[in-house]
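# A closer look at the structure
In case you want the letters, here they are:
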Amino acid sequence: MRMLRKISSALIIILLTIFINVNIFASDVTEINGARYYVEEEIIRNELSKGVIQHTDISYSSAKECTSTAAGLGSTETFVPDKYYPQQVNVLEIPSSNEIKITPWANINSAGWTLSTVRSMIIDYERDNPGYKVIAAVNGDFFDINGNNNFPYTPNGVHVSDGNFYKSSSTRTVGFKNDGSSDPLVGNETFTRTEKMILAIFNEENEVIREFTIDNINNNPQDGEISLYYANKDANKKIVPIDVEDGYVVEGAEFALPHSNNDFYGLGKISKKGNATLGAGQFAIVSKNPIVTQALSVGLKIRVQYEFSGDYKNIKDAIGVGETILYNREYTGADKNRHPRTMIGVKEDGTIIMTVVDGRQSDKGMYGATSAEMAAILSHYGAVEGYNLDGGGSSTMIIVNDGELQVMNSPSDGRERSDSNCLIISVKVPIIEHSVSNVSESSFTINTNIIDKNGFEFDKLYVGIEDEIKEVINGNASFTNLNHNQKYVYQFYRQINGEFIDFGFEGVVYTAKTMPEINYINIYYNNKTLVVEVDMNNPDEAIKKCLVYIGDKYAAVNNGRANFYNFQGSIENIKVELTYDLNDGNGQKKKEITNFRIHLGIDLFLDIAIHKINVKITNIYN
C-alpha cells in the first residue's frame, strides 16, 4: 500500500509538471500553418545605436509532416511531425527611422562581381561611404556560388544601392524606403523597370544634374537619338570587343557591368571623344541628339542604368529575395527542407526584423527551419510580412559591438562564407578624423578633426568612455585614472537640450601595459648544461623576447629558462635583454638589465669558489 502511494505521488508530480509546462509553453507558442515556435531563453542581448536591438534566443520549433521532409540537413534522425526541435535564432530589431539606412552592398570590381565575407563588405562599405557607420549586417540574396553563369557570382535578383542599379533584372524584390515611415518596405509586388536605360550627368559635387533616355543599345542612333555601347560576353564567357565611332568614351570605368544584353550598369568619366574598340571595363555614348551632345564633354562623370518603375518607383535601395514566406500575416511559402535561414520581415509599426536561424548542426541544437517554421518564427517576433534571403552556409549576422565586428550566429560552414552581397544597416554620421595619443598605463588623449558635419547641427563635440563624457577642446580630450592594459570604447556626442546624443560610431583604444621587470635569476648546472631561470614580473605579457647574455654567449629564455649547453667559463659578466611592447603606440623597445638578484645552485657556488681559490693560488706562485 505504501509503495502504491509512492507511485501515485510520483505520477501526480509528473502529470503536474507536464501540465504546467504545457500551459507555460502554450502561452508563448506562435503557430502558423501547423508550424509552432517558442523561445526558451534569451542568451544574448545587445542594445546598439539608434534603438537597434540584437538578441540571440535558444528556442524550439516544430512542423507538420506536410510542411517538412527531414529533421535537418546533416542530421541522421528520422523527422517526427509536431516534435519540438531545438534552435538558435539570432534577431535584429531595427526601428523605422530616417536616421537608419538599410542598403545592399557588395565588393564589385570595375567589370564584374567578386565574392566576399559580410565582414569584408562592411569594411568596404565604410571605406566608400565616409559619412556612414555600420551598426549591423546580414548576408543577402541567393547567388551564382559556383561561377557557372555567363557573368559569374552575380546575385539572382536586383542589387540597388543608394540609387545605383548595379543589377536591375530580377523576379522577387524587396525595396527599402529608409524614410522613417510605418510602411518602410516594398515587397511582393510586380517587378517593373523603365523601358529604356537612363543616362545621368553629374556635376563636380557628385550630384545628378541632367538625365536623358537612351534610345538604343549597341546599335547606331537615328537623328535625335542616343545610343549606349558596351562589350558583352559570348557563350564561352569571353568578352567580345565592339567598335564605336565618334563616341564619348569611358575607357577606365569605375563600373562597367554587362549582366546581359538588356542589363548593364556603367559609371565613370568620359576620357575621350572619337573612335574606339570597347573591351571589359569600358562603355561609350554616341549622340545624334544636339541637346545631349551639347551636355557631354571629356572629363564629365556619367552613369547609365535601368531604373525602377511601377510599385518600386523612387526606391533607391533594393535586393532580390527568394520566397515570400509571410504576407498579411498569412503563410505563403512552400520550402519543406530544414536549412540555416536568413529572413527579413516588417512589423505593423514599421520595425524591420532580420533573423538568422542556425542549422545543419543538430549536435549543437541547431536544426534550421522550413518555410512554415520561418513564418512562425517571424510571426513570433511580430512580423506581418516576411521574405527569405540566402541561407545555408551563407547565413551570417554581424554587429558592431564595443568597436569590433562580431559574428553573432553559428555559420554552418564553421567559418564566414564569401557571398555575393549583403544587407548593411548603417547610420549617417559627421565625418570626423580621430586618433589616440599620449597612451600610458592610466591615461590617453583622443585627437579629433571635424572634416564635415554632414548635415548635423552642433557647436561643441564631446567624446566619452563608459560614463565619463568630456568636451573636445582644441581638438583634444584626455582621460586619466584608468586601468592598465584595458580596452576602452570611446563614442562621439553632441548635446541637445542638455542631453548627450551619440552620433552612432565609436573607436577603440587600449591603455598601455605595465613595464615588465626582472625579479631575480637562479643559476645551476643540470649535468653539463648551465641553466639560467629568469623570474619575471610580466603581468600584461608585454615581453616579446628575452635573451640571457653571459660574456659573449647568449641563449633565449623559453618557459622561464635559458639553457647554455656544455658551458665553460666565468659567469660574472651576466645580463638580460628584454624586447617588449607596452602597446602605447611607440612600438617594440629593448632594455638591458644587469641589476638583479642572483641565486646560485650549491654545485655552481662551490664550483665558483674553487675556481676563485685556484686563481688566487696561481697568482701567488706567479
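Up top is the structure.
Conventions used here
Residues numbered from 1 in each chain as written. Predicted model: local features only at pLDDT ≥ 70, side-chain atom pairs only at ≥ 80, totals over all residues. Heavy atoms only, no water. Pairing = 2+ DSSP bridges. Helix = DSSP H or I, 4+ residues; strand = E, 2+ residues; numbered from the N terminus. Axes fitted to C-alpha atoms, helices over the stretch in contact; angles between N-to-C directions. Contact = heavy atoms within 4.5 Å. Buried < 20%, exposed > 50% of the residue type's maximum accessible area, 1.4 Å probe, protein only. Core = buried A, V, L, I, M, F, W, Y, C linked by side-chain atoms within 4.5 Å. Polar contact = N/O pair within 3.5 Å; in protein donor to acceptor, adjacent residues only side chain to side chain. Phe/Tyr/Trp six-rings, centres within 6.5 Å; stacked < 30°, edge-to-face > 60°. Salt bridge = Lys/Arg side-chain N within 4 Å of Asp/Glu carboxyl O. Arc of directions from axis to C-beta.

Strands sit in the order 5-33-8-31-32 across an open sheet of five strands; the sheet is antiparallel. One side of each edge strand has no neighbouring strand; the edge strands of this open sheet are strand 5 (100-105) and strand 32 (404-407). On average, each strand axis in the sheet is tilted by 30° relative to the strand beside it, whichever way the strands run. Alignment of strand 8 (residues 132-139) against strand 33 (residues 422-428), held across seven bridges, turns out to be antiparallel. Note that in strand 33 the partner of A136 across the bridge is I425. Along the sheet face, helix 2 (residues 118-128) touches strand 5, strand 8, strand 31 (397-401), strand 32 and strand 33 and points at about 155° away from the line of strand 8.

Most of strand 8 sits out of view: six of its eight residues are buried. Sheet topology places strand 8 next to strand 31; three bridges connect them, and they run antiparallel. Bridge pairing in strand 31 places A137 opposite I398.

Right, let's talk about unusual backbone geometry for a bit. The phi angle at N438 is positive, at roughly 50°, despite the residue not being glycine. Among the structural elements, N438 can be located in the loop between strand 34 (431-437) and strand 35 (444-452). Its identity is not glycine, yet N474 carries a phi of approximately 55°, on the positive side. Residue classification places N474 among the exposed residues on the basis of a relative accessible area of 74%.

The biggest cluster of nonpolar side chains holds 48 residues, and the ones touching the most others in it are L92 and M354. Beyond its immediate stretch of four places on either side in the chain, M354 contacts N90, V91, L92, I94, I102, V138, M343, I344, M397, L423 and I425. Counting residues in each nonpolar core, the second largest holds 24 residues, with V532, A555, V557 and V576 among its members.

Next up on the list: the side chain of T396. Counting through the fold element by element, T396 comes out in the loop between strand 30 (383-388) and strand 31. A residue is classified by how much of its surface remains accessible, and T396, at 1% relative accessible area, is buried. Reaching out from T396, the side chain makes a polar contact with the backbone oxygen of S394 at a distance of 2.9 Å.

The description of an aromatic ring pair uses the distance of the two centres, along with the angle that the planes make with each other. For the structure on display, the rule yields 25 aromatic pairs. Centroid distance Y490 to F492: 5.9 Å. Interplanar angle 90°. Geometry classified as edge-to-face. Assessed through its relative accessible area of 4%, Y490 is described here as buried. On the basis of an interplanar angle of 35° and a centroid distance of 5.4 Å, the ring pair of Y549 and Y554 is categorised as tilted.

Bringing the environment of K50 into the picture now. Its location among the elements puts K50 in the loop between strand 2 (35-47) and strand 3 (53-62). Each residue touching K50, except ones within four places of it in the same chain, is listed here: P95, E99, I100, V427, I501, D502 and F503. A distance of 3.1 Å separates the side chain of K50 from the backbone oxygen of D502, its partner in a polar contact.

Here strand 36 (residues 462-465) shows no split at all, with Y462 and G464 on one side and V463 and I465 on the other all buried. Here strand 36 pairs with strand 37 (residues 468-471) via four bridges, running antiparallel. Following the sheet pairing, I465 is matched in strand 37 by E468. Judged from the four bridges that link them, strand 36 and strand 39 (residues 487-496) form a sheet pairing that is antiparallel. Across the sheet, the residue bridging to I465 is Y490, located in strand 39.

It is worth spelling out the sheet that holds strand 35 at this point. Spatially, the three strands line up as an open sheet ordered 34-35-38, and their pairing is antiparallel. Sheet topology places strand 34 and strand 38 (476-479) at the edges, where each strand pairs with a single neighbour. With direction set aside, neighbouring strand axes in the sheet form an average angle of 20°. Across four bridges, the pairing between strand 35 and strand 38 is antiparallel. By the bridge assignment for strand 38, F444 is matched with F479.

Proximity of charged atoms lets side chains of opposite charge pair with each other. On inspection of all chains with the given rule, the structure shows 21 salt bridges. With a closest N to O distance of 3.3 Å, D183 and K177 form a salt bridge. Under the relative-accessibility criterion, K177 is labelled partly exposed at 34%. The salt bridge involving E348 is made with R329; its shortest N-O contact spans 2.9 Å. One end of the pair, E348, is in the loop between strand 28 (341-347) and strand 29 (352-357); the other, R329, is in the loop between strand 26 (324-327) and strand 27 (330-331), with 19 residues separating them in the sequence. For E348, a relative accessible area of 59% translates into the label exposed. In the salt-bridge network here, residues are joined through shared partners; they are R36, K64 and D82.

For the rest of this paragraph, the subject is helix 2. Within helix 2, burial applies to V118, M121, I122, D124 and Y125. In a view along the axis of helix 2, the buried residues occupy a sector of 165°, so they form one face of it. Of the surrounding elements, those touching the buried residues of helix 2 are strand 5, strand 8, strand 31, strand 32 and strand 33.

Note on placement: S170 falls in the loop between strand 10 (164-167) and strand 11 (173-176). Within the structure, S170 has its side chain in polar contact with the backbone nitrogen of V158 (distance 3.5 Å). In this structure the side chain of S170 is engaged in a polar contact, spanning 3.3 Å, whose partner is the backbone oxygen of R172. With near-sequence residues (within four places) excluded, S170 lies in contact with G157, V158, F191 and G320.

Nothing here speaks to function; it is geometry throughout.
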